[in-house]
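Listed below, chain by chain, are the residues.
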Amino acid sequence: MFIALAVLPLLLGLGYAMAYSLGLVGLLSEGFTLAHWEEVLGSAFFWRTMAFSAWVSVVTTVLAVGVALGFVAAWPRVFLRGSLSLFIYFPLAIPAIVMAFIVFQMLSAGGLVSRLAYQLGLISGLEQFPGLVNDYWGIGIIAAHFLMAAPFFIIFFANLYENEQVEEFVQLARTLGAGARQAALRVAAPLLLRRAFPTIVLYGLFVMGAYEAPLLLGRQSNQMVSVLAIQKLQRFNLGDIPQAYVACIAYSAIVLSLAVWLLGRNGEERLKYQGSGGRGKKV
Amino acid sequence: MIREQKRRSALWFFLSSILLWSCGGQQERRPEEAADVLSMPWEAIEQQARGSTVNLMMWQGDPLINAYMEQYVKPAVKERFGINLRIAGGQGSIIVQALLAELQAGRPNSELDLMWINGETFYQLRQIGALFGPWTDKLPNARYIDFENPFIGQDFQQPADGFECPWGNVQMAIIYDSLKAPAPPQDRAELLAFVRRHPGCFTFDNHFTGLTFLKILLMDIAGGPQVLAGPFDEEKYRRYAPLLWDYIRELKPYLWKQGNAFPEAVAPMHQMFANGELWFTMSNNDSEVDNKVLQGLFPESARAYVWEVGTIQNSHYMGIARNAANKAAAMVVANFLISPEAQHRKQDPAVWGDGTVLSMEKLPPEWQEKFRKLPGRRHAPPREQMQARALPELAPEYMIRLAADFRKEILGQ
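Notes on the structure follow. None of these values were measured; they are calculated from a predicted model.

1. Digging into the overall build of chain A
- On a plain count of helices and strands, chain A comes out with twelve helices and zero strands.
- Along the longest, intermediate and shortest principal axes, the C-alpha atoms of chain A span 75 × 60 × 30 Å.
- Total accessible area on chain A is roughly 14,500 Å²; 69% of this is exposed by carbon and sulfur atoms.
- A gap of 11 Å separates the mean positions of the 18 positive and 13 negative side-chain charges of chain A.

Here it is as structure tokens:
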């Protein structure tokens, strides 16, 4: 049932994309060709796009996971009960495009932070405000995704902390003489990370394929892969459509291979951990 | 075990049926579709249209345009012609992709009946054979349109040939803040000098309007619009485009974000103009500055102008999908949209401010008078004054090549 409803449509979609990229279908196709594949895979910009997507994904995920781990290790119960537990859900309800607009309004040269800096006398004109959106390093994109990812991981880790009874291990470590910081870093964090690893990887892949925030907050010379694919698909040359499909297939193949490898390694480690008497369960 | 196998077989059969049906399922055509709408008299077309639903796809990025369509056109066509007008958001590439997918899937009845198109979309839809026509000579109100006017009868140097009906006419305008730039630049050289003195206050978008700006520069560099008139000329493009990129490279360090990023569309540019980050923005609609001041988005000091070398004037059109299910009703709606009443209302700056495609000489005197009495624009030069600096559109291939080469030469893609 899962294969029929989830895998089959995906395979059919990839099959169609593959046929389009090889010139086998499409109203303007002129028959089988590898030219579109050569054009995309031979382009340095495509690989720069892949690298930039990976950069944004890794930085966002590492920052969000780090901050979330820190919060949960410091205040494990606060996010499960009380008013803060409701407040933390709020950013999750904001669509990516709205979050991108919020970041744009906050961090652009004419935005709120810049105006505050001007009023405080930190800058003497809007042009002195550093470029935090549409910038080379993707700071704006990372900020937008971080604001969505951090609450997600805080809720996730807080629930994991309770369900996996991490507190008991922390207390045990404290009884054996570990300090609070040591117990958090050496006991709680590794336990939570091990259990959360597949979710972290999948979230990272989700950020890597993001579209809305990179479109508004990115720059054209450093694009993320989905923006490049849509550009090829929609602007303005119909002859570029097969290249959009090549970019999508190549991207899918790379991230799927990466995901299978990472999750496979994690599964092996968990089995080893179980074999050595650890408490972990196979995911 | 056998029951399990049967259940699996039934599931596979069900899924395969859905896939086969969705890939190439034939739908029954409505009876009126069989009749050739082009051979029918107008009264019969109106009769056939009654009770139909027309799916219109159009750009919905402006509240005034949306209000005009939702609060005026929709009720009017329902009341007068019994047509239900359904409006969906989408433009350019969305329309092309939708019709392309339908044609590839062999779908006999399109989801779209009427589309707001122009320029490169018209070119691409003709390329894939997705437009119905020629149909505009069937419209009674088409007699008021001057198809001989090259800014109306020609869409990006391509004759409309009855495959699209002119709906509005606009000219590109550069918008500036008159308090910050009391003497805005009038040509390429002045722009370069200006941005050197005031770096970061000027840019252009990475979409349609920005490409229109690049086309204006290209025409200027080539020595005037007549040099690039007519079909796409590869040799001329190769001669003049490098000079354009040289100029943009000279300009680049002084543009917004040192020219390392460009706004993806005019909407973020308008936003940055409104909050003071930019001193200039642009619009393909010369009346937009008045709209935006009326909406409170732009400051009162915002003004629109055109360079001494001119800006591109073009028209936008309504097209009917080749496989539209309700061609008769789509034609009736299009005929209403070009009626003197609908065009007069649309040209009012407080309503939309879109230039009419109707020829004043061809209109009855009472309508000529009504058009003359329309309130003028306060923030843009009079239309007649701008007309003297109107440049024709270039062939669509120029825009396609400029878009691709801009990415390569300036963005380093």
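Moving on, there is more to tell.
2. Section: the environment of Asp-62 of chain B
Residues and elements named next belong to chain B.
- Within the fold, Asp-62 resides in the loop between strand E1 (53-58) and helix H4 (63-81).
- On the basis of relative accessible area, Asp-62 is assigned to the buried category, the value being 3%.
- Sequence separation of Asp-62 and Val-37 is 25 residues, and the distance between their C-alpha atoms is 33 Å.
- Beyond its immediate sequence surroundings of up to four residues, Asp-62 is in contact with Glu-288, Lys-292 and Gln-295.
- Side-chain polar atoms of Asp-62 contact the side chain of Lys-292, separated by 3.2 Å.

3. Here we look at the pairing of strand E2 (residues 84-89) of chain B
Residues and elements named next belong to chain B.
- Direction of pairing for E1 relative to E2: parallel, over a ladder of six bridges. Bridge pairing in E2 places Met-57 opposite Ala-88.
- Once the chain exits E1 it traverses H4 before rejoining the sheet at E2, and the crossover so formed is right-handed.

4. A closer look at the interface of chain B and chain A
- Counting residues at the interface gives 38 residues for chain B and 37 residues for chain A.
- Between chain B and chain A, the buried area comes to about 3,300 Å², and carbon and sulfur atoms account for 59% of it.
- Broken down residue by residue, the surface that chain B buries against chain A is led by Gln-104, Glu-264 and Gln-413 of chain B, which jointly contribute 17%.
- Remark: the boundary between chain B and chain A carries zero salt bridges.
- The tally of links between chain B and chain A comes to ten residue pairs in polar contact (both at pLDDT 80 or more).
- Residue assignment for the side of chain B that touches chain A shows that the elements contributing at least two residues are helix H1 (2-24), helix H5 (92-105), helix H6 (119-127), helix H9 (208-222), helix H11 (266-274) and helix H17 (396-409) of chain B.
- No other element matches H5 of chain B, which puts seven residues into the side of chain B that touches chain A.
- Split into classes, the residues belonging to the side of chain B that touches chain A amount to 20 nonpolar, 13 polar and five charged.

5. Quick notes on the pairing of strand E7 (residues 173-177) of chain B
All names here are of chain B.
- Of all five residues in E7, five are buried, a share of seventy percent or more.
- Neither face of E7 is open: one carries Ala-173, Ile-175 and Asp-177, the other Ile-174 and Tyr-176, and all of them are buried.
- As paired elements, E7 and strand E8 (residues 280-283) share four bridges and run antiparallel to each other. Looking across to E8, one finds that Tyr-176 is bridged to Phe-280.
- In this sheet, strand E9 (residues 302-305) lies alongside E7 in antiparallel orientation, the contact comprising four bridges. Directly across from Tyr-176, in E9, lies its bridge partner Arg-303.

6. Focus on the packing of aromatic side chains
All names here are of chain B.
- A full pass over the atoms with the stated rule returns 38 aromatic pairs over all chains.
- Arranged with centres 6.4 Å apart and planes meeting at 65°, the rings of Phe-81 and Phe-336 form a pair that is edge-to-face. Here Phe-336 lies in helix H13 (residues 327-337) and Phe-81 lies in helix H4, a separation of 255 residues in the sequence. As far as the burial class goes, Phe-81 and Phe-336 line up, both buried.
- Every member of this aromatic cluster is reached through a ring pair, and the members are Phe-194, Phe-202, Phe-204, Phe-213, Trp-245, Phe-262, Trp-279, Phe-280, Trp-307 and Phe-406.
- When the ring centre of Phe-163 is taken as reference, the NZ or CZ atom of Arg-126 above it lies at 3.9 Å.
- Lying over the aromatic face of Tyr-247, Arg-188 brings its terminal NZ or CZ to 5.9 Å of the ring centre.

What counts and how
- Residues numbered from 1 in each chain as written.
- Chains lettered and ligands numbered in written order.
- Predicted model: local features only at pLDDT ≥ 70, side-chain atom pairs only at ≥ 80, totals over all residues.
- Heavy atoms only, no water.
- Helix = DSSP H or I, 4+ residues; strand = E, 2+ residues; numbered from the N terminus.
- Areas by Shrake-Rupley, 256 points an atom, 1.4 Å probe, with all protein chains shown as cover.
- Lys, Arg positive; Asp, Glu negative; His and termini not counted.
- Charge placed at Lys NZ, Arg CZ, Asp CG, Glu CD.
- Buried < 20%, exposed > 50% of the residue type's maximum accessible area, 1.4 Å probe, protein only.
- Contact = heavy atoms within 4.5 Å.
- Polar contact = N/O pair within 3.5 Å; in protein donor to acceptor, adjacent residues only side chain to side chain.
- Pairing = 2+ DSSP bridges.
- Right-handed = clockwise from strand over helix to strand, strands pointing away.
- Buried area = accessible area lost by both parts, 1.4 Å probe.
- Salt bridge = Lys/Arg side-chain N within 4 Å of Asp/Glu carboxyl O.
- Nonpolar A, V, L, I, M, F, W, Y, C, P; charged D, E, K, R; others polar.
- Phe/Tyr/Trp six-rings, centres within 6.5 Å; stacked < 30°, edge-to-face > 60°.
- Lys NZ or Arg CZ within 6 Å of the ring centre and 35° of its normal.

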